[in-house]
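Understanding the architecture of this molecule
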Amino acid sequence: MTIIKEFQDVVGEKAVLTDPADMKGYLVEWRDKYEGTALAILLPQTTEEVAEIVKICAKHKTPIVPQGGNTSLVGGGIPFDGGDEVIISLKRMNKIREVDVAGSTLTVDAGCILADLQKAAEDEDHMFPLRIGSEGTCQIGGNISTNAGGVQVLHYGNTRDQILGLEVVLPNGDIWNGLTSLRKDNTGYDLKQLFIGGEGTLGIVTGAVVKMYPRPKYQQIAMVAVTDVPAAIKLLGLARGMSGDQVTALELIPRIAIDLVVKNVPDFPDPMPARYGWQVLIELSSSATKDLKGLMEQILEKGFEDGIILDAIVPESLTQQNKLWQLREEISAAQKPEGGSIKHDISVPIAKIPEFIEKADKAVAAIAPGFRPVTFGHLGDGNLHYNPLQPEGMDKDAYLGMWSEISRAVHDIANELRGSISAEHGIGRLKKNDLPLYKSAVELDIMRKIKAVFDPDGIMNPGKVLPDQ
């Protein structure tokens, strides 16, 4: 019996894809940086089917690549070129298993689309606060495996902070049922934390218990032009103080990002009445304070008095608010028509953000004169997407050939400022060999020992996260 036949006996012939045309969409990263080959794509529908597949793979020592919505930015869900790996896609495992309004939790399959999970919470007048640009296609299992961030980390925390329990298939096919909804449980090691951010290298997350929160009844945003980046940081402190910490998002947006969205996204007018170097998109949310528009205007008035604000737009309708959020979400896609973009997902202490930008711009300009700095992101939690865009007129391949040199310079600066080279996107294939530059030998040794305990044969998402030896 071939291994393909063994897989078919578990999930059925239609759930085992081997035709190249059927497999193609699973083998390429969405931004085309990574492409691989695979023995098969497997589409289980239950945790038990995942476990049986993993047992077969363990018996044959066949490498496994767990895959969610394939929205990774670091190649974590893409196989290599050997053709001996199988992809286990969880897309058919998309059920909301339980809604517990009293406990404010949802128990869900790992293949649930994030937007569907958000909708399930909203149907109960609650919210699930993870908000990212790919929420219409990414899956909660992938969000958990990369410890995804998003625009509301400032107020609610990363994915790690939203998880109470997990169900995981281990590399030998055992199922760990840790689907607890308890908020307090001090009975030993908190095992779920090993799998959150583990990028599928220790096991396959198949289910989760996630937190819900009361749905804010009132929200107000504003697009604010500030004098400079230090002024944006001052505005964050001002807004948090005046609102009683009702700031749920504060996003930094440079002028070039608005220009790219207006240029490359159809029917998108410039929202600002004049051109300013730096803008922030600030959001207030509350279930009690009805007049958030009045509160926002008070914050802005104080910002004008303090000389940190140049201009501001306060939308009058939900449609206008959504349009401003759309601008923020389109920044990544708007860069693609402009050629090569060498993307970084760094974090530094908030007070160090201006210093990081100044030093990084200077370092990249020395390598690629005329580059276009697209620097945006979650200023409220110190996470910047620092995306040097190729100089106009430069050959794309020549520019992308500078990736290693530019990234090393950017990451060195983040590390110098006591930051991280990966804030919310993970390590995957892209950054694994950078880790020895920024993590101690002790840390890497601990990581390798953990991997060896869970996955002694190295079949679970091999070649990801841990550096090559």
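Read on for an overview of the structure. (Residues numbered from 1 in each chain as written. Predicted model: local features only at pLDDT ≥ 70, side-chain atom pairs only at ≥ 80, totals over all residues. Heavy atoms only, no water.)

1. Here we look at the overall build of the chain
Per the secondary structure count, the chain includes 16 helices and 18 strands. Referenced to the eigenvectors of the C-alpha coordinate spread, the extents of the chain come out at roughly 75 × 55 × 45 Å. Considering only contacts within the chain whose residues lie at least 6 apart along the sequence, 74% involve residues at least 24 apart. Accessible area for the chain stands at about 19800 Å²; split by element, carbon and sulfur atoms hold 51% of it. For the chain, the distance from the average site of its 48 positive side-chain charges to the average site of its 64 negative ones is 2 Å. (Helix = DSSP H or I, 4+ residues; strand = E, 2+ residues; numbered from the N terminus. Contact = heavy atoms within 4.5 Å. Areas by Shrake-Rupley, 256 points an atom, 1.4 Å probe, with all protein chains shown as cover. Lys, Arg positive; Asp, Glu negative; His and termini not counted. Charge placed at Lys NZ, Arg CZ, Asp CG, Glu CD.)

2. A closer look at the pattern of salt bridges
Per the counting criterion, the structure on display carries 26 salt bridges. Across the pair Lys263 and Glu338 runs a salt bridge, and its minimum N-O distance is 3.1 Å. With a gap of 75 residues between them, Lys263 in helix α9 (residues 255–264) and Glu338 in the loop between α11 (318–335) and β16 (344–347) connect regions that are remote in the sequence. Taking the relative accessible area as the measure of exposure, Glu338 reaches 11% and is therefore buried. With a shortest N-O distance of 3.0 Å, Arg372 and Glu338 are connected by a salt bridge. Placement of Arg372 in strand β17 (residues 372–378) and of Glu338 in the loop between α11 and β16 is noted, with a sequence separation of 34 residues between them. (Salt bridge = Lys/Arg side-chain N within 4 Å of Asp/Glu carboxyl O. Buried < 20%, exposed > 50% of the residue type's maximum accessible area, 1.4 Å probe, protein only.)

3. Here's the deal with the sheet that holds strand β5 (residues 96–100)
Backbone hydrogen bonds hold the strands of a sheet together, and the pairing may be parallel or antiparallel. Pairing in this open sheet of five strands is antiparallel, and the strands run β5-β6-β10-β8-β9 from one edge to the other. In this open sheet, the two edge strands, each paired with only one partner strand, are β5 and β9 (175–178). Within this sheet the neighbouring strands show an average axis-to-axis angle of 10°, counted without direction. With respect to the sheet, helix α4 (residues 114–122) is in contact with β5, β6 (105–109) and β10 (204–211), its orientation differing from that of β6 by roughly 150°. (Pairing = 2+ DSSP bridges. Axes fitted to C-alpha atoms, helices over the stretch in contact; angles between N-to-C directions.)

4. Focus: the sheet that holds strand β4 (residues 86–89)
Strand order in the open sheet formed by four strands is β1-β2-β4-β3, and the pairing between neighbours is mixed. Across the chains shown, the open sheet's two edge strands, defined by having one partner strand only, are β1 (16–17) and β3 (64–67). Bridge analysis of strand β2 (residues 40–42) against β4 gives three bridges, and the strand direction is parallel. Bridging from a neighbouring strand, Leu42 pairs with Ile88 of β4. This element, helix α2 (residues 20–27), spans β1, β2, β3 and β4 of the sheet and lies at about 70° to β2. Against the sheet, helix α3 (residues 47–60) touches β2, β3 and β4, its axis set at about 165° to β4.

5. Considering the layout of surface pockets
In this approach, a probe sized like a water molecule rolls over the atoms, and the result shows the empty space that is left. When its volume is computed, the second largest pocket comes out at roughly 670 Å³. Listing elements by their share of the lining of the second largest pocket, those giving two or more residues are α7 (192–195), α15 (435–438) and α16 (441–454). In terms of residue count, α16 provides more of the lining of the second largest pocket than any other element does, three residues in total. In the lining of the second largest pocket, the residues fall into twelve nonpolar, twelve polar and five charged. (1 Å grid on protein atoms, 1.4 Å probe; cavity = no way out; pocket = protein on both sides within 12 Å on 5 of 7 lines; lining within 4 Å. Points joined across faces, edges and corners; volume = space filled by probe spheres on them. Nonpolar A, V, L, I, M, F, W, Y, C, P; charged D, E, K, R; others polar.)

6. A few points about the packing of aromatic side chains
Given two aromatic rings, one states the distance between the centres and the angle between the planes to describe the pair. This structure, assessed with the given rule, holds four aromatic pairs. Of note, Lys33 hangs over the ring of Tyr34, and the distance from its end group to the ring centre comes to 5.7 Å. Taking the ring centre of Trp325 as reference, the NZ or CZ of Arg131 above it sits at 4.6 Å. (Phe/Tyr/Trp six-rings, centres within 6.5 Å; stacked < 30°, edge-to-face > 60°. Lys NZ or Arg CZ within 6 Å of the ring centre and 35° of its normal.)

7. Digging into the pairing of strand β14 (residues 278–286)
In summary, the side chains of a regular strand alternate between the two faces of the sheet. The element β14 is extensively covered by neighbouring structure, given that nine of its nine residues are classed as buried. Here β14 shows two buried faces, one formed by Trp278, Val280, Ile282, Leu284 and Ser286 and the other by Gln279, Leu281, Glu283 and Ser285. Bridge count for strand β12 (residues 218–226) against β14 is nine bridges, and the pairing is antiparallel. Pairing of Ala225 across the sheet is with Gln279, part of β14.

8. A closer look at helix α10 (residues 292–305)
For α10, spanning 14 residues, the distance from its first C-alpha to its last is 20 Å, which sits close to the expected 20 Å at 1.5 Å a residue. Where α10 is concerned, the buried positions are Leu292, Gly294, Leu295, Met296, Ile299, Leu300 and Gly303. Where the residues of α10 are buried, they touch β12, α8 (229–243), β14 and β15 (309–313). The first or second residue beyond α10 is Gly307, which carries a positive phi of 75°. (Expected span 1.5 Å × (residues − 1).)

9. A short note on the nonpolar core
If you look at the biggest cluster of nonpolar residues, it comprises 58 residues, and the most contacted ones within it are Phe7, Ile41, Ile64 and Leu166. Sorting elements by how many residues they give to this core places α3 first, with six residues. Ignoring anything within four residues of it in the chain, the contact list for Ile64 reads Val54, Cys57, Val86, Ile88, Ile204, Ile459, Met460, Asn461 and Pro462. (Core = buried A, V, L, I, M, F, W, Y, C linked by side-chain atoms within 4.5 Å.)

10. Digging into unusual backbone geometry
The residue Asp267 is not glycine, and still its phi comes out positive at about 55°. Turning to its location among the elements, Asp267 is positioned in the loop between α9 and β14.

11. Side note on empty space enclosed by the protein
Evaluation of the coordinates by the stated rule reveals one cavity of 30 Å³ or more. Each pocket or cavity is described by its volume, and for the largest cavity that value is around 30 Å³. Lining the largest cavity are Ser145, Leu194, Phe195, Gly198, Glu199, Gly200, Thr201, Leu202, Gly203 and Val205.

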